[in-house]
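Now for the letters of each chain:
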Amino acid sequence: MGFTFDYTLDITRKNRELLKGFLKTTTLEDLNKIPAGFNNNIIWNIAHVIATQQILVYKFSGNETRVSPDFIERYRKGTRPEQDIAQSNLITLCELLSTTVDYVAEDYKAGIFKDYNSYTVSTGSTLTTVEEAITFNNFHEGIHFGSILALRRAINLSKGIL
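Described below are features of the structure shown in this document. In this text, all values refer to a predicted model and were calculated from it rather than measured experimentally.

Attention now goes to helix H1 (residues 5-25). Because each turn of an α-helix spans 3.6 residues, side chains separated by three or four positions in sequence point in the same direction. An ideal rise of 1.5 Å per residue puts 30 Å on 21 residues; H1 measures up with 30 Å between its terminal C-alpha atoms. Considering only its buried residues, H1 is in contact with helix H2 (28-32), helix H3 (42-57), helix H5 (87-110) and helix H6 (130-154).

What follows deals with the packing of aromatic side chains. For any pair of aromatic rings, the description consists of the separation of the ring centres together with the inter-plane angle of the planes. For the coordinates displayed, the defined rule picks out seven aromatic pairs. With a centroid separation of 5.5 Å and an interplanar angle of 40 degrees, the aromatic rings of Phe22 and Phe145 are classed as tilted. Here Phe145 lies in helix H6 and Phe22 lies in helix H1, a separation of 123 residues in the sequence. Of the two residues, Phe22 and Phe145, neither departs from the other in class, the shared state being buried. Taking the centre distance of 5.2 Å and the plane angle of 70 degrees together, the rings of Tyr58 and Phe113 count as edge-to-face. With Tyr58 in the loop between H3 and helix H4 (69-75) and Phe113 in the loop between H5 and strand E1 (119-120), this pair connects stretches of sequence that are 55 residues apart. Each of the two residues, Tyr58 as well as Phe113, counts as buried. Ring-pair connections join several aromatic residues into one group, and the members of that group are Phe60, Tyr116 and Tyr119.

One finds Leu19, Leu23, Ile46, Ile50, Val57 and Phe71 to be the most contacted residues of the largest nonpolar core, which totals 44 residues. For this core, the secondary-structure elements that each account for two or more residues are H1, H3, H4, H5 and H6. Considering every element that reaches this core, the biggest residue donor is H3, with eleven residues. In this structure, Val57 is in contact with Val104, Phe113, Tyr116, Val130, Ala133 and Ile134, ignoring residues within four places of it in sequence.

Take the side chain of Gln53 next. Checked against the element boundaries, Gln53 lands in helix H3. Exposure remark for Gln53: the relative accessible area of 2% places this residue in the buried category. Looking at Gln53, its side chain comes within polar contact range of the side chain of Gln54, at 3.0 Å. Here Gln53 is in contact with Arg16, Tyr58, Thr100, Val101, Val104, Asn137 and Glu141, once residues within four sequence places are set aside.

Before going further, it helps to spend a moment on unusual backbone geometry. Positioned with a positive phi, Asn156 is a non-glycine residue whose angle comes to about 60 degrees. Among the secondary structure elements, Asn156 is positioned in the segment after H6.

The next point concerns the layout of surface pockets. Of the pockets and cavities examined, the largest pocket occupies roughly 450 Å³. Every residue lining the largest pocket is counted, 22 residues in all, and those nearest its centre are His48, Thr52, Lys77, Tyr119 and His140. Among the secondary structure elements, those contributing two or more residues to the lining of the largest pocket are H3, H4 and H6. Counted by class, the lining of the largest pocket contains ten nonpolar, eight polar and four charged residues.

Procedures and definitions
Residues numbered from 1 in each chain as written. Predicted model: local features only at pLDDT ≥ 70, side-chain atom pairs only at ≥ 80, totals over all residues. Heavy atoms only, no water. Helix = DSSP H or I, 4+ residues; strand = E, 2+ residues; numbered from the N terminus. Expected span 1.5 Å × (residues − 1). Contact = heavy atoms within 4.5 Å. Phe/Tyr/Trp six-rings, centres within 6.5 Å; stacked < 30°, edge-to-face > 60°. Buried < 20%, exposed > 50% of the residue type's maximum accessible area, 1.4 Å probe, protein only. Core = buried A, V, L, I, M, F, W, Y, C linked by side-chain atoms within 4.5 Å. Polar contact = N/O pair within 3.5 Å; in protein donor to acceptor, adjacent residues only side chain to side chain. 1 Å grid on protein atoms, 1.4 Å probe; cavity = no way out; pocket = protein on both sides within 12 Å on 5 of 7 lines; lining within 4 Å. Points joined across faces, edges and corners; volume = space filled by probe spheres on them. Nonpolar A, V, L, I, M, F, W, Y, C, P; charged D, E, K, R; others polar.

Pasting the structure below:
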């Protein structure tokens, strides 16, 4: 069984649409809320999946990321929310949820991912190709989707989702 690029990116797109739904249907206050027992919030998790995808796919393949280095630094692994996200940033996040998947599709088809610097992720798997990174990214986003559901439950927003 080989890598199926279009299918894998379709899963990413579907997850990203669900994440956009959280941005569009949750108040800014609730998106920024960090409930007791948590060290981040809904909006950080959404920005984090964008940053991580860019690191896994672009940085480790030796390409420049399609989001700013500042965005990567604010939302990469090991960070926490430093300040509340403003309403004006929600539009940007919604756009990035789509455009970063579109960029991967375009850049993959254009053949820019020629090399890949192996990287061992927290779960112990070692990524050795961009295809493995794109596939693993869906697993990573699923983890953070689950975190968002837990955050929603912790701030009493769990009704009507899935």
